[in-house]
2 protein chains.
Amino acid sequence: MDLKNYLKDRRQRIDAALDQYLPAEDSLPERLHQAVRYSVFAGGKRLRPILMLAACEAVGGDTEKILPAACAMEMIHTYSLIHDDLPAMDDDDLRRGRPTCHKVYGEALAILAGDALLTEAFIQLSGMNGNTFQADDACRRATHIIARCAGSRGMVGGQVVDMESEGKEINLPTLEYIHTHKTGALILASVQVGALLGGADEASYDALTRYAEASGLAFQVADDILDIIGDQDLLGKDVGSDEARGKATYPALLGLSVARNRARDLRDLALESLAGFGEAAEPLRQIAHYIVDRSF
Amino acid sequence: MDLKNYLKDRRQRIDAALDQYLPAEDSLPERLHQAVRYSVFAGGKRLRPILMLAACEAVGGDTEKILPAACAMEMIHTYSLIHDDLPAMDDDDLRRGRPTCHKVYGEALAILAGDALLTEAFIQLSGMNGNTFQADDACRRATHIIARCAGSRGMVGGQVVDMESEGKEINLPTLEYIHTHKTGALILASVQVGALLGGADEASYDALTRYAEASGLAFQVADDILDIIGDQDLLGKDVGSDEARGKATYPALLGLSVARNRARDLRDLALESLAGFGEAAEPLRQIAHYIVDRSF
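Report on the accompanying structure. On a predicted model such as this, the values are computed, not experimentally measured, just so you know.

1. A short note on the overall build of chain A
Across its full length, chain A holds 16 helices and two strands. For 296 residues, the compact-globule estimate of 2.2 N^0.38 gives 19 Å, and the C-alpha radius of gyration of chain A, at 18 Å, lies within 12% of that figure. By residue count, 59% of the 296 residues in chain A fall in the buried class. Residue pairs at least 24 apart in sequence account for 71% of intrachain contacts in chain A once pairs closer than 6 positions are excluded. Here chain A has roughly 11,000 Å² of accessible surface; of this, 47% comes from carbon and sulfur atoms. Within chain A, one finds 31 positive and 45 negative side-chain charges whose respective centroids are separated by 1 Å.

Given below as structure tokens:
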């Protein structure tokens with residue numbers, strides 16, 4: 001398979017579904033829905049929904065049926081970016097080269113656009129019934145996994161500890177807490193929900209959980225490395241921005257070469273966890289490579 | 001029945017359940033969970049969860065089983081207050097006589113505490129299984145009702161139009177849009193979910209929907225009246241604050257006496273919709289009186 005084409009195809013399917021599910025720009029309140037769409041269609045990689053579809057595929061599930069859940073993940077991811085960029089938080093004027101939501105629509109509307117997107121994710125998750133979905137039980141469990149990973153003991157918790165750690169000396173366990181929560185939790189939820197809704201048995205679900213934990217952390221280590229050596233296009237933010245903010249990173253704590261070894265080890269761990277899967281897990285394998293190899 | 005004792009008893013049950021469901025103050029991240037609890041336990045009337053339990057009771061349901069959903073409503077209500085109070089929004093320093101969340105914990109943590117509470121609501125809704133809950137189908141439908149009422153076409157939408165209307169001349173349909181969305185939507189969801197989870201048949205569900213629509217709007221008309229004539233204790237905010245902000249209100253648009261007639265008509269409409277219910281709907285009837293009669 002050709003990863004580049006695969007990612008492009010998936011991105012297009014997800015974008016089309018997002019366009020279908022999100023309220024139209026001319027539906028009331030119009031500016032709110034414009035702000036929501038401005039941020040959702042700002043050129044994201046759609047990594048989380050792609051991982052969900054790939055995990056579903058790996059266990060032989062029907063990816064078409066889980067598009068509402070995949071889009072829910074992207075809505076949650078986008079809401080977190082909008083809120084992170086706010087003046088009271090990271091105070092970022094640009095994201096992916098475009099003015100951030102609050103720069104265009106104002107702070108109040110940006111807060112509300114984030115709130116609306118988080119809520120919309122649960123509208124989608126709880127609306128996956130009838131012709132698009134299999135069972136209410138799976139729907140409930142998927143919602144629970146996603147809500148837990150997005151909440152105060154997941155992504156929001158990671159963001160809080162990250163914020164509290166800025167400009168402070170932190171140790172590796174704290175850095176690992178931040179990353180497994182702030183970024184890792186949504187990646188984990190994406191893969192677990194893809195597996196669950198794809199009909200995974202227990203052993204496959206556990207193997208995919210290990211895959212997600214390893215590649216989620218690998219993604220963050222690679223991101224930290226890219227922040228130093230990086231290519232701004234790959235990174236989606238300014239090179240050197242972590243250092244400028246006084247944020248702890250893997251290379252800062254471990255040195256560049258140890259950080260690279262850690263990224264490689266995590267990638268290999270992710271690949272090993274897929275050993276029992278056949279051809280259908282090839283996208284997941286290539287994504288693990290893609291996540292890490294861009295930082296070499 | 002004695003409404004005062006009824007409300008007190010329900011408030012205590014809901015507070016005990018909230019205390020049980022919310023992350024402990026010493027669980028990581030501690031300051032986030034402290035901020036969450038600070039706002040949740042700031043002395044709210046718990047009107048929305050009480051309405052949910054009362055609707056469940058009216059159709060003969062077991063209120064104990066729906067406490068997670070009732071608490072979810074209060075979490076969503078509290079998140080909306082935290083975000084509404086932010087400097088970028090209403091910029092309020094006090095709520096119910098205490099400093100607002102962002103005054104105590106800072107703006108960033110207040111944004112995240114709101115985010116965490118909104119997410120926690122869906123953790124509770126999707127976690128109502130096994131021994132506390134009846135059916136995954138009802139759980140999914142309840143989640144859908146609540147998410148829709150809380151989202152961009154519900155409460156968040158109402159907040160946006162309210163914000164956009166400040167200091168402008170608005171007409172009655174716009175004011176009604178604001179109220180049915182900003183306040184009415186969560187009241188509607190509370191009653192509908194109480195009915196649904198209590199096992200209502202279609203006719204009872206529809207009657208309770210009419211009750212909720214009428215009393216939700218009545219609540220807001222009465223609130224507007226109280227803002228002028230009011231007693232700060234009943235209101236929970238500064239008397240005259242709507243006028244000071246240039247917010248449109250029913251008395252401002254219609255005059256005080258027409259606004260009072262409107263509140264009475266809505267109360268009577270709510271009571272009529274309960275005509276087919278027996279003794280079990282007595283709390284709902286008395287709550288409709290309580291909502292409106294405080295503004296006379």
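2. What about the packing of helix H6 (residues 107-127) of chain A against helix H8 (residues 155-165) of chain B?
Where H6(A) contacts H8(B), the axes come no closer than 10 Å and their chain directions differ by 165°. With respect to H8(B), the element H6(A) is oriented roughly antiparallel. Of the two possible hands of crossing, H6(A) and H8(B) adopt the one that is left-handed. Taking contact as the criterion, the partners of Ala108(A), Leu109(A), Leu112(A), Asp115(A) and Ala116(A) in H6(A) are, on H8(B), Val156(B), Gln159(B), Val160(B) and Met163(B). Counted by class, the contact of H6(A) with H8(B) contains seven nonpolar, one polar and one charged residues.

3. Section: the side chain of Ser152(A)
Structurally, Ser152(A) can be placed in the loop between helix H7 (136-150) and helix H8 (155-165). The class of Ser152(A) is buried, set by a relative accessible area of 3%. Side-chain polar atoms of Ser152(A) contact the side chain of His33(B), separated by 2.7 Å. Sequence-distant contacts of Ser152(A), that is, excluding residues within four places in its chain, are made with Gly157(A), Pro23(B), Leu28(B), Pro29(B), Leu32(B), His33(B), Ala116(B) and Glu120(B).

4. Details of the nonpolar core
If you look at the biggest cluster of nonpolar residues, it comprises 204 residues, and the most contacted ones within it are Ile76(A), Tyr211(A), Ile287(A), Ile76(B), Tyr211(B) and Ile287(B). For Ile287(B), the residues in contact, after removing those within four places along its chain, are Leu3(B), Tyr6(B), Leu7(B), Leu47(B), Ile50(B), Leu51(B), Ala54(B) and Tyr211(B).

5. Considerations on the relation of the copies chain B and chain A
Expressed as a screw operation, the relation of chain B to chain A combines 0.0 Å of axial shift with a rotation of 180°, fitting to an RMSD of 0.0 Å. The operation mapping one copy onto its partner corresponds to a two-fold rotation axis. If distances are taken from each C-alpha of chain B to the rotation axis, the shortest is found for Asp136(B), at 2.7 Å. A share of 100% of interface residues in chain B that are also interface residues in chain A marks the association as one of identical surfaces.

6. Details of unusual backbone geometry
Here the residue pair Leu28(A) and Pro29(A) is connected by a cis peptide bond, since its omega of -10° sits within 30 degrees of zero. Residue position: Pro29(A) is located in the loop between helix H1 (3-21) and helix H2 (30-40). With phi around 60°, Arg46(B) is a residue other than glycine that occupies positive phi space. Among the secondary structure elements, Arg46(B) is positioned in the loop between helix H2 (30-40) and helix H3 (47-58). For Arg46(B), a relative accessible area of 3% gives the class buried. For Asp91(B), which is not glycine, the phi torsion reads 55° and is therefore positive. Mapped onto the secondary structure, Asp91(B) falls in the loop between helix H4 (67-84) and strand E1 (94-95).

7. Some words on the interface of chain B and chain A
How big an interface is tends to be stated in terms of the accessible area lost upon association of its parts. Opposite the 46 residues of chain B that make contact, chain A presents 46 residues. Carbon and sulfur atoms make up 70% of the surface buried where chain B meets chain A, a total of about 4,000 Å² over both sides. Contact with chain A buries area across many residues of chain B, yet Leu112(B), Arg140(B) and Arg153(B) alone supply 15% of it, more than any other trio. Summed over the shared surface of chain B and chain A, the number is two salt bridges.

8. Topic: the packing of H3(B) against helix H10 (residues 184-197) of chain B
Residue and element names in this part refer to chain B. Where H3 contacts H10, the axes come no closer than 7 Å and their chain directions differ by 30°. One element, H3, and the other, H10, form an angle in the roughly parallel class. In this structure, H3 meets H10 at a crossing whose hand is right-handed. Touching Leu-47, Arg-48, Leu-51, Met-52, Ala-55 and Cys-56 of H3 are Leu-186, Ile-187, Ser-190, Val-191, Val-193, Gly-194 and Ala-195, all from H10. Split into classes, the residues belonging to the contact of H3 with H10 amount to ten nonpolar, two polar and one charged.

Parameters at a glance
Residues numbered from 1 in each chain as written. Chains lettered and ligands numbered in written order. Predicted model: local features only at pLDDT ≥ 70, side-chain atom pairs only at ≥ 80, totals over all residues. Heavy atoms only, no water. Helix = DSSP H or I, 4+ residues; strand = E, 2+ residues; numbered from the N terminus. Rg over C-alpha atoms; globule rule 2.2 N^0.38 Å. Buried < 20%, exposed > 50% of the residue type's maximum accessible area, 1.4 Å probe, protein only. Contact = heavy atoms within 4.5 Å. Areas by Shrake-Rupley, 256 points an atom, 1.4 Å probe, with all protein chains shown as cover. Lys, Arg positive; Asp, Glu negative; His and termini not counted. Charge placed at Lys NZ, Arg CZ, Asp CG, Glu CD. Axes fitted to C-alpha atoms, helices over the stretch in contact; angles between N-to-C directions. Parallel < 35°, antiparallel > 145°, perpendicular 65-115°, else oblique. Left-handed = near helix turned anticlockwise from the far one by under 90°. Nonpolar A, V, L, I, M, F, W, Y, C, P; charged D, E, K, R; others polar. Polar contact = N/O pair within 3.5 Å; in protein donor to acceptor, adjacent residues only side chain to side chain. Core = buried A, V, L, I, M, F, W, Y, C linked by side-chain atoms within 4.5 Å. Least-squares fit on C-alpha atoms with pLDDT ≥ 70 in both. Buried area = accessible area lost by both parts, 1.4 Å probe. Salt bridge = Lys/Arg side-chain N within 4 Å of Asp/Glu carboxyl O.

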